[in-house]
Amino acid sequence: MKFVAEIEILPLKGLLDPQGKAVANGLPKIGITSASNVRIGKFITMDLDADSADEAHKMAETACKKLLANLIMEGFNIRISAQ
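From a predicted model like this one, the values you see are computed outputs, not experimental measurements.

Colleague: Before we move on, could you go through the environment of leucine 12 and cite the residues and values that matter?
Modeller: Considering the arrangement of structural elements, one finds leucine 12 in the loop between β1 (2-11) and α1 (18-26). Sequence separation of leucine 12 and glutamate 74 is 62 residues, and the distance between their C-alpha atoms is 4.9 Å. What leucine 12 contacts, discounting residues up to four positions off in sequence, is Arg39, Leu71, Ile72, Met73, Glu74 and Gly75.

Structure follows, in structure tokens:
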């Protein structure tokens, strides 16, 4: 069965996010003054062949832990849907 994994990777809360800070500082210059706590991360999608959504989630989690995310500085969230 085919599944789609959608993965969000963001800096851990409490860690400095220089990209997020740069964007937050630039928003008022374009008229957006009500934004706060801006964080910049990565969004990754991948198609997975798996027997179940649970197996697809485990595959995506392995990819995050071993390749996609720096677990010292980043956290991740995975959503699995049938294709």
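Colleague: Quick one: what's the story with the side chain of aspartate 17, residue by residue and with numbers?
Modeller: Along the chain, aspartate 17 falls in the loop between β1 and α1. Buried and unpaired, aspartate 17 has no salt bridge, with arginine 39 as the nearest side chain of opposite charge at 5.7 Å. Polar contacts involving the side chain of aspartate 17 include one to the main-chain amide nitrogen of glycine 20, which spans 3.1 Å. Contacts of aspartate 17, omitting those with residues within four sequence positions, involve Pro11, Val38, Arg39 and Ile40.

Colleague: Hey, could you go over unusual backbone geometry for me, with residue numbers and the actual values?
Modeller: Note: most residues except glycine have negative phi, and most peptide bonds are trans. One non-glycine residue with positive phi stands out, namely asparagine 37, at about 55°. Position of asparagine 37 relative to the elements: it lies in the loop between α1 and β2 (42-49).

Colleague: Outline helix α2 (residues 53-68), listing residues and values.
Modeller: Three or more residues of α2 are buried, namely Ala56, Ala60, Ala63 and Cys64. An end-on view of α2 places all buried positions within 100° of arc, on one side of the element. Of the surrounding secondary structure, the elements contacted by the buried residues of α2 are β1, β2 and β3 (74-82).

Colleague: Account for the pattern of salt bridges, with residues named and values stated.
Modeller: For the structure on display, the rule yields six salt bridges. With a shortest N-O distance of 3.3 Å, glutamate 61 and lysine 65 are connected by a salt bridge. Note that glutamate 61 and lysine 65 are positioned in helix α2 at a spacing of four residues, about one turn of the helix. What emerges from the salt-bridge pattern is a single network uniting Glu6, Glu8 and Arg79.

Colleague: Pulling in residues and values, what's your account of the side chain of glutamate 74?
Modeller: Mapped onto the elements, glutamate 74 comes out in strand β3. Since its relative accessible area comes to 18%, glutamate 74 is described here as buried. When near neighbours in sequence (up to four residues on either side) are disregarded, glutamate 74 contacts Ile9, Leu10, Pro11, Leu12, Lys42, Leu68 and Ala69.

Rules and cut-offs
Residues numbered from 1 in each chain as written. Predicted model: local features only at pLDDT ≥ 70, side-chain atom pairs only at ≥ 80, totals over all residues. Heavy atoms only, no water. Helix = DSSP H or I, 4+ residues; strand = E, 2+ residues; numbered from the N terminus. Contact = heavy atoms within 4.5 Å. Buried < 20%, exposed > 50% of the residue type's maximum accessible area, 1.4 Å probe, protein only. Lys, Arg positive; Asp, Glu negative; His and termini not counted. Salt bridge = Lys/Arg side-chain N within 4 Å of Asp/Glu carboxyl O. Polar contact = N/O pair within 3.5 Å; in protein donor to acceptor, adjacent residues only side chain to side chain. Arc of directions from axis to C-beta.

Function-wise, these values are silent; they only describe arrangement.
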